[in-house]
Structures are given as structure tokens and as C-alpha cells.
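Each chain, letter by letter, is given below.
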Amino acid sequence: MSPAPPDRPLPPVTWHLVVPVKEAVRAKSRLEAPHPLSRPVLARAVAEDTLEQACRAVPPSQVVVVTSDPHAGRFARGSGAVVVPDPGTGLNAAVRAGLASAGPATPTPGARDGWAVLLGDLPALRAEDLLAALARCAAYPACVVPDADGTGTVLLTSTVGPPRPRFGSGSARRHALSATVLPLDLPHLRRDVDTAADLRTAVALGVGPRTAAALGLSDA
């Protein structure tokens, strides 16, 4: 059971948000795109829908996108986000590179800075759900919001300094060693997409316009 948040009101948090986006040609190797759609085109659409909502929830100047994908980089810069090159040595290294560029090295005295890491493969994400999750996470020193399956991590936060990323298979359990687990009732946030079944679930929730257009959905 997750501990209760503190009783006394806390100052609001200024969030510095890191979003890692893998190169589309290498992303989503387990996701089979519906014919004739290519996997890189789908992966790029999913990432751009995620980034759009992230930049609606958090001021774009406080969003750091870690990517070496030229399309994702252009989209992020056009949205006002900061772009940091992906070091190319895995997700955790990418997150660390983003955190190193996200906000102050230490919290400013008298203020509350927070650091958050959001996965870049959330096509059903809505800005209001990310805001709701960050508001809940603000009450704790560190939080992990697991994916819909409960094993992975979609959101990792800290209000005491940049968090230590431990992404990979079963990351929610590893992050829970030093963070409060918040299995929030926010399905649009918690539905990452790794497989065709995940994509179908995301479509049922309602995906963003670029993912919808890529899939040829009638309401795109």
C-alpha cells in the first residue's frame, strides 16, 4: 500500500520534464504496424502525439526531449521544447542525459523544483491526465506511475533531485525501491504501446491525431 501524502499543504512544484524518444527506425521492434503502414512512421506519430500533450501540460521550455531522430527533434523544437542528443547507449543513459539538462542541478532555496521522466510512447495521452498525475506526485519525494500492466514505468518523478532511472523490463519494481508507487486511475497516461494488442487498447481509449491519421482512422 502506498503511504498517504502529507497533511499540510506543500508549495507548488515547477516540473522539469524529460521525454526520451528513440530513433523511429529502431523504435518499437515488437510492434507490428498494420499493413501498409511502416513501423517507423507509426512510432514517429506516437511520439509526436505524446510530445504534443506533454508540451500542453508543462511549459515547453521546461520539457527536454532526448532524441537523435531528426523528425522528432524538429517537432520538439517547433513545440518550444529543448532537444538533447540521445547518447545511443540505452534508455537509462538517454534519461540521464535529459535530466542533466533539465532544470537546476539542485533545488532553489525557498522554491520547489521537481523532475519527471515520461515515456515517449503514449499515443492516448491527454495533457489533463499528465497534469493530474504530476499534481499527485508533487506530494511525495519520489513517485513511480506504473504502466497498465503494472510492471513497467510510464512516469517517474522526484521533488528532491533528479531521479535515478532504472528502466527496462520490470522497471516499476526497481523504481519502487526508492519511490512511492501510484497506480493512478488514468488509463490514457498508463497505456504505453509495445505490441499490437497495446495499440488496439490505445485506439479504444482514443489516440492523438497523428497516430489516428497514420492508422487511417475515420475520425483522424
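A brief report on the enclosed structure follows. (Residues numbered from 1 in each chain as written. Predicted model: local features only at pLDDT ≥ 70, side-chain atom pairs only at ≥ 80, totals over all residues. Heavy atoms only, no water.)

1. Section: helix H2 (residues 70–78)
Move 1: Taken together, the buried positions of H2 are occupied by Ala72, Gly73, Phe75 and Ala76. For H2, the arc enclosing every buried residue in end-on projection is 165°, short of the 170-degree limit, so these residues lie on one face. Within H2, the exposed residues directed more than 90 degrees away from the buried face are Arg74, Arg77 and Gly78.
Move 2: Contact partners of the buried residues in H2: helix H1 (39–57), strand E2 (63–66), strand E3 (82–84) and helix H8 (209–215).
Move 3: Sitting at the amino-terminal end of H2 is Asp69, which places a side-chain oxygen 3.1 Å from the backbone nitrogen of His71.
Move 4: Gly80 lies just past H2 and shows a positive phi near 95°. (Buried < 20%, exposed > 50% of the residue type's maximum accessible area, 1.4 Å probe, protein only. Helix = DSSP H or I, 4+ residues; strand = E, 2+ residues; numbered from the N terminus. Arc of directions from axis to C-beta. Contact = heavy atoms within 4.5 Å. Polar contact = N/O pair within 3.5 Å; in protein donor to acceptor, adjacent residues only side chain to side chain.)

2. Side note on the packing of H1 against helix H4 (residues 127–137)
Move 1: Running from N to C, H1 and H4 point in directions that differ by 55°, and their axes come no closer than 8 Å. Between H1 and H4, the interaxial angle falls into the category oblique. For H1 against H4, the interelement crossing comes out right-handed. Between H1 and H4, the residues in contact are Gln53, Ala54, Arg56 and Ala57 and Ala127, Leu130 and Leu131, respectively.
Move 2: Grouping the constituent residues of the contact of H1 with H4 by class yields 5 nonpolar, 1 polar and 1 charged. (Axes fitted to C-alpha atoms, helices over the stretch in contact; angles between N-to-C directions. Parallel < 35°, antiparallel > 145°, perpendicular 65-115°, else oblique. Left-handed = near helix turned anticlockwise from the far one by under 90°. Nonpolar A, V, L, I, M, F, W, Y, C, P; charged D, E, K, R; others polar.)

3. Details of the nonpolar core
Move 1: Judged by nonpolar contacts, the single largest core of 53 residues is most densely connected at Leu17, Leu118, Leu130, Leu155 and Leu189.
Move 2: Grouped together as the second largest cluster of nonpolar side chains are 10 residues, Leu37, Leu42, Val46 and Ala124 included. (Core = buried A, V, L, I, M, F, W, Y, C linked by side-chain atoms within 4.5 Å.)

4. Some details on the sheet that holds strand E7 (residues 180–181)
Move 1: Judged by pairing direction, the sheet is mixed, and its 7 strands sit side by side in the order E3-E2-E1-E4-E6-E5-E7 without closing on themselves. Strands with a single pairing partner mark the edges of an open sheet, and in this sheet they are E3 and E7.
Move 2: Here 4 bridges tie strand E1 (residues 14–20) to E2, and the two strands are oriented parallel to one another. Note that in E2 the partner of Pro20 across the bridge is Val66.
Move 3: Sheet strands in contact with helix H3 (residues 91–100) are E1, E2, E3 and strand E4 (113–118), and its direction is about 145° off that of E1. (Pairing = 2+ DSSP bridges.)

5. Quick notes on the packing of H1 against H2
Between two packed helices, both the angle of their axes relative to each other and the distance between the axes serve to describe the pair.
Move 1: Packing of H1 against H2 leaves a shortest axis separation of 10 Å and a crossing angle of 20°. As far as their axial angle goes, H2 and H1 are roughly parallel. Considering the relative orientation of H1 and H2, their crossing is right-handed. Touching Arg44, Glu48, Leu51 and Glu52 of H1 are His71, Ala72, Phe75 and Ala76, all from H2.
Move 2: Among the residues making up the contact of H1 with H2, the classes are represented as 4 nonpolar, 1 polar and 3 charged.

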